[in-house]
Structures are given as structure tokens and as C-alpha cells.
Amino acid sequence: MSTPADSPSAAADRDPVQEARDHLEQALAALDRLREVLPPPSSTPPSDTGGGEPA
């Protein structure tokens, strides 16, 4: 899957806004995967109501 954008010379011509957008899309995809794996917040008790390590 080599594209012209993979070459070092084309990297300088790459749009920084598009680069940031790509990173944000990857982050959103990772968050979506975490949401599928982790339980919803309402099913877990708040951690600040005690039961933690003593201060």
C-alpha cells in the first residue's frame, strides 16, 4: 500500500490540517473501540465514595 504521500519528499507538501484530522479520526476510532469493551459509567460505583486506599 505505498502511495506518493509515503515518500519523504511528499511529506513536506502534506497539509497539516489534514494530518491533524487523520490523527483525530484515529483517536475517535480508538475511543469507539474502548466504549465497546468498557462497561457504561452508570454500572460502576463512583470511586470517590470510599473503599479506596487510605490517604
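Residues numbered from 1 in each chain as written. Predicted model: local features only at pLDDT ≥ 70, side-chain atom pairs only at ≥ 80, totals over all residues. Heavy atoms only, no water.

Draft legend 1. View of the overall build of the chain. Tallying secondary structure elements over the chain gives two helices and zero strands in all. Among the 55 residues that make up the chain, the fraction classed as buried is 0%. Carbon and sulfur atoms provide 60% of the accessible area of the chain, an area that totals close to 5,300 Å². (Helix = DSSP H or I, 4+ residues; strand = E, 2+ residues; numbered from the N terminus. Buried < 20%, exposed > 50% of the residue type's maximum accessible area, 1.4 Å probe, protein only. Areas by Shrake-Rupley, 256 points an atom, 1.4 Å probe, with all protein chains shown as cover.)

Draft legend 2. A nonpolar patch on the surface, seen in detail. Together, Leu28, Leu31, Leu34, Val37 and Leu38 make up a nonpolar patch on the protein surface, roughly 500 Å² of accessible area in all. Note on placement: Val37 falls in helix α2 (residues 16-37). The exposure class of Val37 is exposed, given its relative accessible area of 68%. (Patch = residues over 30% accessible without salt bridge, like charges linked within 9 Å, V, L, I, M, F, W, Y side chains within 5 Å. Salt bridge = Lys/Arg side-chain N within 4 Å of Asp/Glu carboxyl O.)

Draft legend 3. The arrangement of the pattern of salt bridges in detail. Taken as a whole and judged by the stated rule, the model has three salt bridges. Two residues, Asp22 and Arg14, come together in a salt bridge whose shortest N-O distance is 2.4 Å. A relative accessible area of 23% means that Asp22 is categorised as partly exposed. In this structure, the salt-bridge partner of Asp32 is Arg35, at a minimum N-O distance of 2.8 Å. Highlighted residues: Asp32 and Arg35, both in helix α2, separated by three residues, approximately one helical turn. Given a relative accessible area of 60%, Arg35 falls into the exposed group. Salt bridges linked by common partners bring Arg14, Glu19 and Asp22 together as one network.

Limitation: the analysis is restricted to geometry and does not speak to function.
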